[in-house]
Amino acid sequence: MACDCPTIPSHLTSELPAPEPKLDSNRGLLLLLAEYEALRRRFNADRAAVVEIVGKDIGED
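Residues numbered from 1 in each chain as written. Predicted model: local features only at pLDDT ≥ 70, side-chain atom pairs only at ≥ 80, totals over all residues. Heavy atoms only, no water.

A.B. asks: How would you explain the overall build of the protein if you had to name every residue and give the values?
C.D. replies: For the protein, the helix and strand inventory stands at two helices and zero strands. By residue count, 8% of the 61 residues in the protein fall in the buried class. As presented, the protein carries roughly 5300 Å² of accessible surface, and 60% of it is formed by carbon and sulfur atoms. (Helix = DSSP H or I, 4+ residues; strand = E, 2+ residues; numbered from the N terminus. Buried < 20%, exposed > 50% of the residue type's maximum accessible area, 1.4 Å probe, protein only. Areas by Shrake-Rupley, 256 points an atom, 1.4 Å probe, with all protein chains shown as cover.)

Here it is as structure tokens:
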């Protein structure tokens, strides 16, 4: 009997690695890295929420 469960793509469930810290006096580079880190954390939280939501939907059948 086949499962009608949705398949979650791996890019939605795997976390992004943190950027390697590059200490430089270039302020623009540091701001870019800070923005990237904030986005990475937000995307990882979104991925976790998707996994939780889909997991709850599967259990309701």
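A.B. asks: Before we move on, can you summarise the pattern of salt bridges with the specific residues and values?
C.D. replies: Following the criterion strictly, the structure yields three salt bridges and no others. The partner of Arg 40 in a salt bridge is Glu 37, with the nearest N and O atoms 2.8 Å apart. Of the two residues, Arg 40 and Glu 37 both sit in helix 2 (residues 27-59), three residues apart, roughly one turn of that helix. Both residues of the pair, Arg 40 and Glu 37, count as buried. Note that Asp 46 is salt-bridged to Arg 42, the shortest N-O span being 4.0 Å. With Asp 46 and Arg 42 both in helix 2, this residue pair falls four residues apart, about one helical turn. On the basis of relative accessible area, Arg 42 is assigned to the partly exposed category, the value being 49%. Three or more residues are tied together by salt bridges with common partners; here these are Glu 37, Arg 40 and Arg 41. (Salt bridge = Lys/Arg side-chain N within 4 Å of Asp/Glu carboxyl O.)

A.B. asks: How would you sum up the side chain of Arg 47? Please name residues and give values.
C.D. replies: Mapped onto the fold, Arg 47 is located in helix 2. Of the side chains with opposite charge, Asp 46 comes closest to the buried, unpaired Arg 47, at an N-O distance of 7.9 Å. Among the polar contacts made by the side chain of Arg 47, one reaches the side chain of Asn 44 at a distance of 3.2 Å. Those residues within four positions of Arg 47 in sequence are excluded, and the remaining contacts are His 11, Leu 12, Thr 13, Ser 14 and Leu 16. (Lys, Arg positive; Asp, Glu negative; His and termini not counted. Polar contact = N/O pair within 3.5 Å; in protein donor to acceptor, adjacent residues only side chain to side chain. Contact = heavy atoms within 4.5 Å.)

A.B. asks: Which residues make up the environment of Gly 55, and what are the values?
C.D. replies: For Gly 55, the location among the structural elements is in helix 2. Note on Gly 55: relative accessible area 41%, which makes it partly exposed. With 49 residues separating them along the chain, Gly 55 and Pro 6 place their C-alpha atoms 9.5 Å apart.

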